[in-house]
Amino acid sequence: ISENVVLILVILSLVSSNSHGFVRPVDNYFLPRILSSTTCSPCSVLSSIQQSSTTAKDDDAFKSLEEVPTKRYHEGHPALLSAISVFAPRVNTDACRIFHGRGGLFPGAEHLTLDFYPPVFLLTSFQNISDAELESYETALKTLWNSESDKNTPDDQNAVDVMPQFTWVYQCRAERGNSITQLMEGSIPDPHIVTEYNGKNKFLVHLLKGQNHGLFLDMAVGRKWLQNKCEEGEVVSVLNLFAYTCAFSIAALNGGADNVVNVDMSRGALKSGQRSHEINGLVEAGGAKFLAHDIFKTWGKIKKLGPYDCVVVDPPSYQKGSFVAAKDYAKVIRRLPSLLREDGFALLCLNAPELGPEFLYQLVIDFAPELCYIERLENPPSFASAHADKALKVVVFQFKPMGTE
């Protein structure tokens, strides 16, 4: 009996110390412009990338969390505690990531992220952590909050003390596909509205419902790129595929776009997106359409509403029954030439760590050679990663029909 008890304890110990693979790891990697202004050859792009790749070849340089033994910091990981100590929350702060352990730059913290959805802190762990460690992060956050409040004078309109009480949420995702979310202290605004792009764009978020919160912070650079294109007048009409809560639509319309078509299978996500449009005062203009359809069964209607100056493709990497990037992304890319105006843009996004950027480049070569590589956008610095090819890929292509210069 004693041997069985020991065996059970060993198994439980292994299970409790186990952690799970990367979910949307991202970095601040920037792919240099490979094409000259007169070159438009996807084949030469892929060849140049392969020849000039500086990605580490040592497979041991990157391992999933299941393979890397993680040192336990029962009093809190020093890198996360340090990030908390230097953060300066303000009432008008855009939603942001404070700490990104998932990027692999802080050994022992690969399971930790900390976000700020003003005025709420969100700590996420992909491993079970002790109460003592949780308490250390709570103490650090509370100390930061009180310290910032003390620094500000009553007539400072950006003072922390004009915010609601200190509030933080903890989400544990130690079990793949399952999460436990707890409001640890304080209260969350209802509705909870956060901003981006220096307060220009407003989004409705929900921190206590599921693993996705209504706004993917790592995609901020992609949204800013689109908004800039709209402000410059290069993009007027947008097709937003796999729209989720339509954050790209908010960016485009606030940038001056006339027409955005949002397509997603989830009626609930689109409804949340519509509310964000209302919050931004974008409903009366009537520039946004919301189609709760299966993209693969709606190409005719989507094409009829085009052509478009920009098509945004931001699918889930794996969603059983609807989209698996490895086999379904090609079906989308092959349709792009029929949806775009001449010189229109395709913003292709890929968040699967097992698929590098070459996966996208090769699909373009095979299924849409008229799309010319422009650039890979640099991810936000707060999402810095040691593993560029496993990070979020956001790549810009431009449609140049055969026979045009």
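Each value, and the rule that gives it
Residues numbered from 1 in each chain as written. Predicted model: local features only at pLDDT ≥ 70, side-chain atom pairs only at ≥ 80, totals over all residues. Heavy atoms only, no water. Helix = DSSP H or I, 4+ residues; strand = E, 2+ residues; numbered from the N terminus. Buried < 20%, exposed > 50% of the residue type's maximum accessible area, 1.4 Å probe, protein only. Areas by Shrake-Rupley, 256 points an atom, 1.4 Å probe, with all protein chains shown as cover. pLDDT = per-residue confidence, 0-100. Contact = heavy atoms within 4.5 Å. Expected span 1.5 Å × (residues − 1). Arc of directions from axis to C-beta. Phe/Tyr/Trp six-rings, centres within 6.5 Å; stacked < 30°, edge-to-face > 60°. Lys NZ or Arg CZ within 6 Å of the ring centre and 35° of its normal. Polar contact = N/O pair within 3.5 Å; in protein donor to acceptor, adjacent residues only side chain to side chain. Axes fitted to C-alpha atoms, helices over the stretch in contact; angles between N-to-C directions. Parallel < 35°, antiparallel > 145°, perpendicular 65-115°, else oblique. Left-handed = near helix turned anticlockwise from the far one by under 90°. Nonpolar A, V, L, I, M, F, W, Y, C, P; charged D, E, K, R; others polar.

Helix and strand content of the protein: eleven helices and 16 strands. Relative to its 405 residues, the protein shows a buried fraction of 51%. Total accessible area on the protein is roughly 18,800 Å²; 52% of this is exposed by carbon and sulfur atoms.

The share of residues in the protein with pLDDT of 70 or more is 77%, and the mean pLDDT across the chain is 82. Confidence drops under a pLDDT of 50 for residues 1–70, and excluding neighbours within four residues, the segment shows 114 contacts in the predicted structure.

The next point concerns helix α7 (residues 267–279). The end-to-end C-alpha distance of α7 is 18 Å, a good match for the 18 Å that 13 residues give at a rise of 1.5 Å each. Among the residues of α7, Ala269, Leu270, Ser272, Gly273, Ser276 and His277 are the ones counted as buried. Buried residues along α7 cover an arc of 155° about the axis, so they all sit on one side. Exposed residues lying more than 90 degrees from the buried face of α7 are Arg267, Gly268, Lys271 and Glu278. Here the buried face of α7 lies against β7 (201–205), α6 (247–254), β9 (259–263) and β10 (288–291). Positive phi shows up at glycine 281, right after α7, with a value of about 70°.

Moving on, we come to the environment of asparagine 146. Tracing the sequence through the fold places asparagine 146 in helix α4 (residues 131–151). As a C-alpha pair, asparagine 146 and phenylalanine 166 span 20 residues in sequence and 8.6 Å in three-dimensional space.

With that settled, consider the packing of aromatic side chains. Evaluation of the coordinates by the stated rule reveals 16 aromatic pairs. Between phenylalanine 121 and tryptophan 145, the ring centres sit 5.9 Å apart and the planes meet at 80°, which makes this aromatic pair edge-to-face. With phenylalanine 121 in strand β3 (residues 120–125) and tryptophan 145 in helix α4, this residue pair connects regions lying 24 residues apart in the sequence. Taken together, the ring pairs connect Phe87, Phe116, Phe121, Trp145 and Phe166 into an aromatic cluster. Just above the ring of phenylalanine 203 sits the side chain of arginine 223; from NZ or CZ to the centre is 5.9 Å. Lying over the aromatic face of phenylalanine 296, lysine 331 brings its terminal NZ or CZ to 5.7 Å of the ring centre.

Looking along the chain, the bond that leaves proline 118 and enters proline 119 is cis, with omega of 0°. Locating proline 119 in the fold gives a position in the loop between β2 (112–117) and β3. A positive phi angle is found at tyrosine 244, which is not glycine, with a value near 55°. When you line up the elements, tyrosine 244 lands in the loop between β8 (237–241) and α6. Look at cysteine 246: it is not a glycine, yet its phi comes out positive at around 65°. Tracing the backbone shows cysteine 246 in the loop between β8 and α6.

Let us now look at α6. Working note: α-helix, 3.6 residues per turn, so residues spaced by three or four point in the same direction. Most of α6 sits out of view: seven of its eight residues are buried. Directly after α6, the chain includes glycine 256, whose backbone phi takes a positive value near 115°.

Mapped onto the elements, serine 385 comes out in the loop between β15 (371–376) and β16 (393–399). On the accessibility criterion, serine 385 (13% relative accessible area) is buried. Polar side-chain contacts of serine 385 include one of 3.4 Å to the backbone oxygen of glycine 103.

What follows is about the environment of alanine 352. Among the structural elements, alanine 352 can be located in the loop between β14 (340–350) and α11 (357–367). Residue classification places alanine 352 among the buried positions, given a relative accessible area of 1%. For the pair alanine 352 and serine 317, spaced 35 residues apart in sequence, the C-alpha separation works out to 5.2 Å. With near-sequence residues (within four places) excluded, alanine 352 lies in contact with Ser317 and Lys393.

Turning our attention to the packing of helix α9 (residues 325–333) against α11. Between α9 and α11, the shortest axis-to-axis distance is 10 Å and the interhelical angle comes to 45°. Here α11 runs oblique to α9, going by the angle between their axes. For the element pair α9 and α11, the recorded crossing hand is right-handed. For the pair α9 and α11, the contacting residues are Ala325, Ala326, Tyr329, Ala330 and Ile333 in the first and Phe359, Leu360, Leu363, Val364 and Phe367 in the second. When the residues that make up the contact of α9 with α11 are grouped by side-chain class, the tally is ten nonpolar, no polar and no charged.

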